[in-house]
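# Descriptive analysis of the structure
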Amino acid sequence: MIEIFGFSHELWWEWTGIDYVLNPHKRIFWLFILSSFVIAFLYVLYKKENYNNYFNKSFWFHPSAQLDYQYFILISIIKSLVVFPLMLSVTDTAFYVVQLLNEFLGYHLPFNLNRNAIIFLYTLTLFIIGDFTRYWLHRWFHSSDLLWQFHKVHHSAEVLTPFTFYRVHPIENFLFGLRYALTTGIVTGIFIYCFGARLQVMDVLGVNLFIFLSLILGANLRHSPIYLRYPELVEKWFISPAQHQYHHTPEGARKNYSGVLALWDRLFGSLHVSEEKKLKTFGLLMNENQSNGLSNNNEPSSQSDFNESESYKKLTDLLFKPFNNSFNMMIEKVKL
Amino acid sequence: MKWSQLINRFKKGIIYLPLLLVISFPVYSQNINQEMVLQSIIKNILIKDSHHTVVQAQKLEQFLEELNHQTDNEHLVRVQKQFVVLLQSWKKVEALYMAGNINSDMLDVPRYIDVFHSGNENIEKQLNRSLNSDKKIDVLLFKNSTKSINALEYLLFASVNKEQLLDSMKNKNKHRVKMAQYINKVLTQHFLEIEQFYKNDNQFVPNGIKSIEDLVNVLIDSSYKLLTWRVAEPAGLAEKYKGKVSKSRLEYHWSEASFLAIESILHSYKDTFNSEAFMELGDLGMSQGVSDEINSIQKNIENAIIKNQLVIKLMKDQSMPLSQVLISSEYRQLHKSLIRLHNSFYILLIEALGLTSKIIEADGD
């Protein structure tokens, strides 16, 4: 292992964000960026649009985009030093689930099922349950007054770039990590209890096959200016980039919470299929009389709305404002 | 932006692609040498141990024949010692019994050999009845349980004292010795069947990852039985018999060889994970990035072997009776070490799945 200033090169890669480009487990892995770029290229070609509309300095160096880039480095360091060490381990969760099942249901030899069937079932279950819990946690970030203060960091982006995906408050990172550890740990524990060691994830480059497919098929376009729509029938099953972009508009923030499967939005009444007209405004808008950041409603009510995204202009705003807002909010609630 | 400019940018990008591929390759590359490990395991463990068991059973056959000719204390002791050697050899075969996974026809063979913890048959009663009967031995011992290694143990050890046992062996034209000879012959056939199966097998190695998975399943199953059946239950440490100590729940309580059997089982784990002589699962795990878990297993196996030796020492050096051994602090430590060992097999299995938390899922949306 190479060490630089006493730290392993792996840590340096993590802190500087290089790991994110070279690691297939990351959204901005070079192959996923490349595939998104190819899809975007074909989209512009098909739509007969001008490439300058998308590949121009005013977009990629918009103040909001610049903040995304800076924040990406900062959050990489915070995640590596603070969030990951605190994270619940998937191994521990899975292990305790197996122990619990052995204790309450009794030990048994693994069920005899075709190996390929087990692997397919495990991979699919991980993906579906993972996407389901992701939907509900995301929705909770919108419906809870307290959590919304932290999720606003992500929604404060006024232009969407692939780096906006990482514009997430560490508290949100932690909760999403916890969700992952619990979901994956519980599913894995149950599968190990039932099928023992005959378990494996169907993967491409070490990534769950279904997640890999969703990533290579343009997941990065969800946070991009490319308004890629799917046919309506498809959008009822899979969330298109256009649908997620709608979620980033002030009026659509309570729609399309799903990660990959639109099924959850459809089942729980939050689906919005995309429309022909392009989206213009991303970010936070708030009614003037709610401009103190204490709103529990992120939907604008009039044209005279105050643009709250303006309050998230600096790295310190992204990191500390949520704490400040939630503290004020709780004080207000106590007063009431 | 013009088309030509855009295409030029693409070309530049393509130049960097191979570089990116080379840099990112180590992130997901794997250097697996399953075939060599599986070949080594079948040759150095499965075939070797099963062959050793056949040899020991044949040796016992010879000693039993001598006992039949000369039924005295000297020959009885020799037979008893050889029985324990056979038992230890068989435990190694049983602990890593893969034949049933490779071919379902071989699934039941261990149950014909060893009836510990299976069924509710009282073999002592059946054997005592057979000892008093004048019928032919193969008619008397028609049940598999009465032809098991446990039945053989009963015939070679169960008695108030050695004199009575020798008297019993001399009775009725040495009926007891002849029954033991018959059982040992049946057992030898089973051991031969297992040895031949491994020698002729052409599936274990080609099955690759499936064989590795089966091996881990067998280890988890074996370590569970070792912990719960062989150690926790006799001392009342398992839920089923909580607080109720009984030496009759030990696997080989007549011969008092239970802890030697446990030692053999632990040595079969050691062969599978930490052999200096040949390639095994430990080497494979190390090459696949689960070295921490492999180290932990190796450490836990060593620790369990040491704790078990302390228990054996109690019996040998201090001549402590079994009922006392089961409530000793040394026994509790052995139990704890086996819990850790069993858990470390599960941890290895989970870690091998590579479910790291540092992945996209930790980010929002």
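Residues numbered from 1 in each chain as written. Chains lettered and ligands numbered in written order. Predicted model: local features only at pLDDT ≥ 70, side-chain atom pairs only at ≥ 80, totals over all residues.

## Structural notes on the overall build of chain B
Of regular secondary structure, chain B possesses 15 helices and zero strands. Out of the 365 residues in chain B, the part that is buried amounts to 42%. Counting contacts in chain B only where the partners sit at least 6 residues apart, residues at least 24 apart contribute 76% of the total. (Helix = DSSP H or I, 4+ residues; strand = E, 2+ residues; numbered from the N terminus. Buried ≥ 20, exposed ≤ 12 C-beta atoms within 10 Å, placed from the backbone. Contact = placed C-beta atoms within 7 Å.)

## Some words on the interface of chain A and chain B
Chain A puts 45 residues into the contact, and the matching count from chain B is 31 residues. Taken together, the elements giving at least two residues each to the side of chain A that touches chain B come down to α6 (90-105), α7 (115-143) and α9 (170-195) of chain A. Per-element accounting of the side of chain A that touches chain B gives the leading share, nine residues, to α9(A). Along the lines of polarity and charge, the residues of the side of chain A that touches chain B split into 25 nonpolar, 15 polar and five charged. (Nonpolar A, V, L, I, M, F, W, Y, C, P; charged D, E, K, R; others polar.)

## Considering the nonpolar core
The biggest cluster of nonpolar side chains holds 138 residues, and the ones touching the most others in it are B:Met98 and B:Leu152. Counting contributing residues per domain, this core is built from domain 1 (32-204) and domain 2 (208-354) of chain B, each supplying no fewer than three. With seven residues, the next largest nonpolar core counts A:Tyr135, A:Ile239, A:Tyr257 and A:Val260 among its residues. (Core = buried A, V, L, I, M, F, W, Y, C linked by C-beta atoms within 7 Å. Domains from an automatic or database assignment.)

## Examining the domain arrangement of chain B
The extent of an interface is frequently quoted as the accessible surface area lost upon association of the parts. All names here are of chain B. Segmenting chain B into domains produces domain 1 (32-204) and domain 2 (208-354). Here domain 1 and domain 2 have C-alpha centroids that lie 23 Å from each other. The interface is formed by 28 residues belonging to domain 1 together with 30 residues belonging to domain 2. For the side of domain 1 that touches domain 2, the elements supplying multiple residues, two or more each, are α2 (34-69), α3 (73-95) and α8 (149-157). At eight residues, the largest contribution of residues to the side of domain 1 that touches domain 2 is made by α2.

## Let's talk about the confidence of the model for chain A
With 93% of its residues at a pLDDT of 70 or more, chain A shows a mean pLDDT of 87. At the low end of the mean pLDDT range in chain A sits strand β5 (residues 285-286) of chain A, at 68; at the high end sits helix α13 (residues 263-267) of chain A, at 97. (pLDDT = per-residue confidence, 0-100.)

## Here we look at helix α3 (residues 30-47) of chain A
Because each turn of an α-helix spans 3.6 residues, side chains separated by three or four positions end up pointing in the same direction. Residue and element names in this part refer to chain A. Along its 18 residues, α3 runs 25 Å from first to last C-alpha, staying within 8% of the 26 Å computed at 1.5 Å per residue. Taken residue by residue, α3 has Trp 30, Phe 32, Ser 36 and Ala 40 as its buried positions. All buried residues of α3 project into a common sector of 155° when viewed along the axis, lining one side. In α3, those exposed residues whose orientation departs by more than 90 degrees from the buried face are Leu 42, Leu 45 and Tyr 46. Just beyond α3, the residue with positive phi is Lys 48, at close to 55°. (Expected span 1.5 Å × (residues − 1). Arc of directions from axis to C-beta.)

## Structural notes on the packing of helix α10 (residues 209-232) of chain B against helix α11 (residues 258-273) of chain B
Residues and elements named next belong to chain B. Closest axis-to-axis distance for the α10/α11 pair is 12 Å, and the angle between their directions is 155°. With respect to α11, the element α10 is oriented roughly antiparallel. In this structure, the crossing between α10 and α11 has a hand that is left-handed. For the pair formed by α10 and α11, the contact residues are Leu 219, Ser 222, Leu 226 and Arg 230 on the first element and Ser 258, Ile 262, Ile 265, Tyr 269 and Thr 272 on the second. Taken together, the residues of the contact of α10 with α11 break down into five nonpolar, three polar and one charged. (Axes fitted to C-alpha atoms, helices over the stretch in contact; angles between N-to-C directions. Parallel < 35°, antiparallel > 145°, perpendicular 65-115°, else oblique. Left-handed = near helix turned anticlockwise from the far one by under 90°.)

## Here's the deal with the environment of B:Trp90
All names here are of chain B. Structurally, the position occupied by Trp 90 is in helix α3. By the C-beta count within 10 Å, which is 26 here, Trp 90 ends up buried. Taking the C-alpha atoms as reference, Trp 90 lies 18 Å from Arg 78; in sequence the two are twelve residues apart. Every residue in contact with Trp 90, bar those within four places of it in the chain, is listed here: Thr 53, Ile 113 and Ile 149.

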